[in-house]
Amino acid sequence: MDYVSDALFDGHQLLGLTVEGPFTREELAIEVDQGILGEQVVKAMMLIALSLVTLQSIR
C-alpha cells in the first residue's frame, strides 16, 4: 500500500492510494481523489478482501 501525489497544470492536487499484491505485484486497488480519507482506505481494503474470498471459493 502506498500513497502517490501529483498536481495538475492549474495547481489542483491529486492523491492516489495504490495497493499491490505481495507476491505477484498485481495492482489490487487504485483510489484517486483530491484527498484520501480513512473511509476510502477501508472501502478499498474491504473490496479487496471480498474479491479474494470470491476467487478462493471459485477454485
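These lines cover the structure that appears in this document, whether it is placed above or below. Predicted, not measured: the structure shown is a model, and the values here were computed from it.

**Some details on the sheet that holds strand β1 (residues 2–7)**
Item 1. Ordered by their spatial adjacency, 3 strands build an open sheet running β1-β2-β3, and the pairing between neighbours is antiparallel. Since the sheet does not close on itself, it has two edges, and those belong to β1 and β3 (27–33), each with one partner. Direction aside, the axes of adjacent strands within the sheet are offset by 20° on average.
Item 2. Bridge analysis of β1 against strand β2 (residues 13–20) gives 6 bridges, and the strand direction is antiparallel. Residue pairing across strands places Val4 opposite Gly16, the latter belonging to β2.

**Remarks on the pairing of β3**
Item 1. Pairing analysis gives 6 bridges linking β2 to β3, with the strands arranged antiparallel. Bridged to Val19 within β3 is Ala29.
Item 2. What sits between β2 and β3 in their antiparallel hairpin is a turn of 6 residues, with Arg25 showing a positive phi close to 60°.

Criteria and thresholds
- All residue numbers refer to positions counted from 1 along the written sequence of the respective chain.
- Reporting in this predicted model follows two pLDDT cut-offs: at least 70 for local features of residues, and 80 or more for side-chain atom pairs to be given and counted; totals over whole chains, interfaces and linings ignore these cut-offs and use all residues.
- Hydrogens are left out, water is left out, and the side-chain values use all remaining heavy atoms of the structure.
- At least two DSSP bridges between two strands are required for those strands to pair.
- Segments assigned H or I by DSSP are reported as helices when at least four residues long, segments assigned E as strands when at least two residues long, and all are numbered from the N terminus.
- Interaxial angle, 0 to 180 degrees, is taken between N-to-C directions of lines fitted to C-alpha atoms, where a helix line uses only the stretch in contact.

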